[in-house]
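The chain contents come next:
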Amino acid sequence: MIIMDSEEILNLVNNDRSELHSKAQEIKTNTFGNIVTFSRNLFVPVTHQCRNRCGYCSFVSDDSNSWITPENYQSLLKDAKNANCKEILLTLGEKPEEKYQSAKDYLNQYGFDKTVNYVNHFCELALNFNLLPHSNLGVLTFDELAILKENNASMGLMLESSSYRLMDKNQAHYLSPGKDPSLRLDTLIEAGKLKIPFTSGILIGIGETWEERIQALFDIKSIQTKYSNIQEVIVQNFNPQPGTPMSSWSAPLEYDVLLSISIARIILQPSINLQIPPNLNKYRLIDALNYGANDLGGISPISIDYINPNHEWHKEQELAEKLNSSNYELVERLPVYPSYEKYLNTRIRKIIEEYRENEKALYSSNR
Ligand code: SF4
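Just so it is clear, the structure is predicted and the values come from calculations on it, not from any experiment.

Regarding the overall build of the protein
Assigned secondary structure in the protein consists of 12 helices and nine strands. Its C-alpha atoms give the protein a radius of gyration of 19 Å, near enough to 21 Å, the size a compact globule of 367 residues would have. Viewed in the frame of its principal axes, the protein has a C-alpha envelope of about 60 × 55 × 35 Å. Scored against the burial criterion, the 367 residues of the protein give a buried share of 45%. Pairs at least 24 apart in sequence give 76% of the contacts found in the protein among residues at least 6 apart.

Remarks on the nonpolar core
With 89 residues, the main nonpolar core has I88, L217, I261, I263 and A264 as its most contacted residues. Looking at which element gives the most residues to this core, the answer is helix α9 (residues 254–267), with eight residues. The contacts of A264, once residues within four sequence positions are left out, are L217, V233, V235, L274 and G292.

Things to note about the packing of helix α1 (residues 6–15) against helix α8 (residues 210–227)
Where α1 meets α8, the axes come as close as 11 Å, and the angle between the chain directions of the two elements is 140°. Classified by the angle between their axes, α1 and α8 sit oblique to one another. Of the two elements, α1 crosses α8, and the hand of that crossing is right-handed. Residue-level contacts link S6, I9, L10 and V13 of α1 to W210, E211, I214, Q215 and F218 of α8. Of the residues that constitute the contact of α1 with α8, the class distribution is six nonpolar, two polar and one charged.

Some remarks on the pairing of strand β1 (residues 35–45)
Counting buried positions along β1 gives nine out of 11 residues, so the element sits mostly inside the fold. Bridging between β1 and strand β9 (residues 329–332) involves four bridges; their strand directions are parallel. Within β9, the position partnered with T37 by the bridge is V331. Relative to strand β2 (residues 87–91), β1 runs parallel, the two sharing five bridges. Bridge pairing in β2 links N41 to E87. In this region the chain leaves β1, passes through helix α3 (residues 70–82) and returns to the parallel neighbour β2; the handedness of that crossover is right-handed.

About the thresholds
- Residues numbered from 1 in each chain as written.
- Predicted model: local features only at pLDDT ≥ 70, side-chain atom pairs only at ≥ 80, totals over all residues.
- Helix = DSSP H or I, 4+ residues; strand = E, 2+ residues; numbered from the N terminus.
- Rg over C-alpha atoms; globule rule 2.2 N^0.38 Å.
- Buried ≥ 20, exposed ≤ 12 C-beta atoms within 10 Å, placed from the backbone.
- Contact = placed C-beta atoms within 7 Å.
- Core = buried A, V, L, I, M, F, W, Y, C linked by C-beta atoms within 7 Å.
- Axes fitted to C-alpha atoms, helices over the stretch in contact; angles between N-to-C directions.
- Parallel < 35°, antiparallel > 145°, perpendicular 65-115°, else oblique.
- Left-handed = near helix turned anticlockwise from the far one by under 90°.
- Nonpolar A, V, L, I, M, F, W, Y, C, P; charged D, E, K, R; others polar.
- Pairing = 2+ DSSP bridges.
- Right-handed = clockwise from strand over helix to strand, strands pointing away.

Below, the structure is given as structure tokens:
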């Protein structure tokens, strides 16, 4: 096992980047070999209303009509089933009812007081179709997480950054109280206490320094050390989008993206899967895999990436061929990785068992 502290890593960032790449490559190859996983999903943008205003976000909207109704959702679930998706990715703005009266009114109309209960209902509906929910609602309390745990195969919250500096005026998180790193770390800790299979990650290129980027990875690592529930970490690159306050910013440089992947692979425990969004790394996909990544996250045959609508997802077949030509094998996985299934309740585990029984090629602990 390779163990380096932040000072050693920073020293190599400044003096010998190739050393970091080769160490990361070694860890990745020893742990995951040539297997690259993905989850076939349906992306459901439950609502675009959000109490925050991140400088890079094109997802957020004041529009009270941006909610997916239960009726429309049921029809989306049928589409997902027909497309052989297994995961329902529920992504939405954070605590919209704290900012908008229209959000409160919308929820009340369907008999809910809080967004968390509305989403939990969506998770129950997905399970009725034998589909596995993965919810991202932003920061949550222990009690809110406990409700959602019963109906989710896994959940997620990007730490994004451990930098409090990014909450200052003219910085990316100035208008986003929910991006306070302490609140996000608290949510990760509470999810850890509840043993929820969890995804976190960092967002690179939003004004953070290398020191801050490295600190965020060590913060995630320490939660995994204590609670063993972080199943994957995403290294996501900032994608400037039209109409946002940061639209004129540059995307992070290629070698910074690749180096961040390698550093994440070195810092995090080998048990953590390292994910990159393939649609944001189309032209360096193989390098990103060579330098430490082993997972491509959710890829949908029927919905767009609502967070990065200007970047299409690959078609599965094309992606498999591209990877094959570089000696990688693309394998479908479920939204929970095999070694974290033990944290789930009987109902969800039964659905997983049925999938495994019917589709032997799914990524399993026997690989
Ligand atoms: S990135 Fe997330 S938290 Fe920030 S404004 Fe957009 S939806 Fe809200």
